[in-house]
Structure formats: structure tokens, C-alpha cells
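The primary structure of each chain is shown beneath.
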Amino acid sequence: MRINKNLTCYLFLILMGAGATIGGIIILLIILGGLYYLYSIGTFTTLLSTPISSIINNPNSYVGKQITVTGDLGDGAVSGTNWYSLYSRVGYVEVHINNESPYAAYDYSTNYTMTGIFTKTEGCSLPYSAGINLGSCSNISSTFGSKTIEIYYLNVSSVKPA
């Protein structure tokens, strides 16, 4: 029985093509797995951060949305525990860090990436005061020179060193 050489060549090429396709799929899956691992450990969080300048220019567009912000940690303007600010060269974003945060201690002037819901509330700016108290000034008996202002802040649910 004589085997057609052309048929043998075609079968060989088909099998080689299938092997190359399976090998390509395996390599693609390895690359995708590696990218997912890098994403899960936070490698790309700085790249995916919302710029502080964008938040300062249009804070209302972020209210109610989950965002990620990266900046240097500093003292916040709002009085009370767990209030800080993330600074950049163009300004700062007030942040409120929940007690359930994965980091118990925070180092000032350290770069952090924080994720949470961007929120808006009222605060009372008192003259000669070191900060802003939450709530409107009408709730404070001595309102001479005080002013009710809007406070935009990030209600932080996740913190990672950047």
C-alpha cells in the first residue's frame, strides 16, 4: 500500500500547527497569570491612581465613587482621630482612615496608596482654630467669625505603602 506524500505533509503541518497553537495558548496563560499576580500585590496601583490635581479641580465629579489616590501622608485639617491628608505638589486630599484599616500605624511623610469612597460633608471653620470641626457652624454656640464649609474627603477602606 502506497501512502500519498502530499497527504503525509498536510497531516504533519496540521499537527505542527495545533502544537504551536497549544504552546501559544500556554505561554499566553502564563503571561496573563503573571500580570494578575503583579496586579494583586499592588504593582500597578500607582498607575491606576486618580491624580490629586484632578480631584482638587473638580471634586464633585468624584463624590460617591470609589477611587485610589497616592501621595505623602501628613496632618489633616479636620479635627478628630483618623483624619489625615495625602499631599502632592499641587495640593492635598483629606482622608479618613477607618479603624478596620490593615495598617495600624502610619508614618508621616511616607508615600501611601489609599482606596475608598470619595465623600462630601460639612465642617465649621472657626477663626484662630487649628482645624475644622465636623458639622455646620449653626451647631456651635459661638459662631463669631466662623464659616460653614464643604469638606471633600476619601473614606479610606484600603491602605498600601506606595
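Residues numbered from 1 in each chain as written. Predicted model: local features only at pLDDT ≥ 70, side-chain atom pairs only at ≥ 80, totals over all residues. Heavy atoms only, no water.

K.L.:
Now, about the pattern of salt bridges: what can you tell me, with residues and values included?
P.N.:
Throughout the structure, instances matching the rule amount to 1 salt bridge. Across the salt bridge formed by Glu-150 and Lys-120, the nearest N and O atoms sit 3.2 Å from each other. Of this pair, Glu-150 sits in strand S6 (residues 147–161) while Lys-120 sits in strand S4 (residues 111–125), and the two are 30 residues apart along the sequence. Since its relative accessible area comes to 38%, Lys-120 is described here as partly exposed. (Salt bridge = Lys/Arg side-chain N within 4 Å of Asp/Glu carboxyl O. Helix = DSSP H or I, 4+ residues; strand = E, 2+ residues; numbered from the N terminus. Buried < 20%, exposed > 50% of the residue type's maximum accessible area, 1.4 Å probe, protein only.)

K.L.:
How would you explain the state of the cysteines if you had to name every residue and give the values?
P.N.:
Per the stated rule, a full pass over the model turns up 1 disulfide. Here Cys-124 is linked by a disulfide to Cys-137, with a sulfur-sulfur distance of 2.1 Å. Here the disulfide of Cys-124 and Cys-137 is right-handed, its torsion about the S-S bond being about 105 degrees. Of this pair, Cys-124 sits in strand S4 while Cys-137 sits in the loop between strand S5 (132–134) and S6, placing them 13 residues apart in sequence. Across the pair, Cys-137 and Cys-124 agree in class, each one buried. (Disulfide = S-S within 2.5 Å.)

K.L.:
Describe in detail the environment of Ser-88, supporting the description with residues and values.
P.N.:
Along the chain, Ser-88 falls in strand S2 (residues 83–88). You can call Ser-88 partly exposed: its relative accessible area is 32%. A sequence separation of 18 residues divides Ser-88 from Thr-70, and the C-alpha atoms of the two residues are 8.4 Å apart.

K.L.:
Tell me about the side chain of Glu-94, and please be specific about residues and values.
P.N.:
Along the chain, Glu-94 falls in strand S3 (residues 91–97). Buried charged residue Glu-94 carries no salt bridge. Nearest counter-charge: Lys-147, at 15 Å. A distance of 3.1 Å separates a polar atom in the side chain of Glu-94 from the backbone nitrogen of Ala-77. Residue contacts for Glu-94: discarding those within four places in its chain leaves Gly-76, Ala-77, Val-78, Trp-83, Tyr-84, Ser-85, Tyr-152, Tyr-153 and Leu-154. (Lys, Arg positive; Asp, Glu negative; His and termini not counted. Polar contact = N/O pair within 3.5 Å; in protein donor to acceptor, adjacent residues only side chain to side chain. Contact = heavy atoms within 4.5 Å.)

K.L.:
Can you break down the pairing of S3 residue by residue, with the values?
P.N.:
Looking along a regular strand, one sees side chains alternate from face to face of the sheet. Counting buried residues in S3 gives 5 out of 7 residues, a clear majority hidden from the surface. Here S2 folds back onto S3, and the loop between the two strands holds 2 residues. In the sheet, S3 pairs with S6 via 4 bridges, with the strands oriented parallel. Among the inter-strand pairings, Glu-94 is bridged to a residue of S6, identified as Tyr-153. (Pairing = 2+ DSSP bridges.)

K.L.:
Lay out the nonpolar core in plain terms, naming residues and giving numbers.
P.N.:
Counting 19 residues, the largest nonpolar core has Leu-86, Val-95, Ile-97, Met-114, Phe-118 and Leu-154 as the members making the most contacts within it. Mapped onto this core, the elements with two or more residues apiece are helix H2 (52–57), strand S1 (66–75), S2, S3, S4 and S6. The element best represented in this core is S6, accounting for 4 residues. Those residues in contact with Phe-118, other than ones at most four positions away along the chain, are Ile-55, Pro-59, Tyr-62, Val-63, Gly-64, Lys-65, Ile-67, Val-93, Tyr-152, Tyr-153 and Leu-154. Counting residues in each nonpolar core, the second largest holds 5 residues, with Val-78, Ile-132, Ile-151 and Tyr-153 among its members. (Core = buried A, V, L, I, M, F, W, Y, C linked by side-chain atoms within 4.5 Å.)

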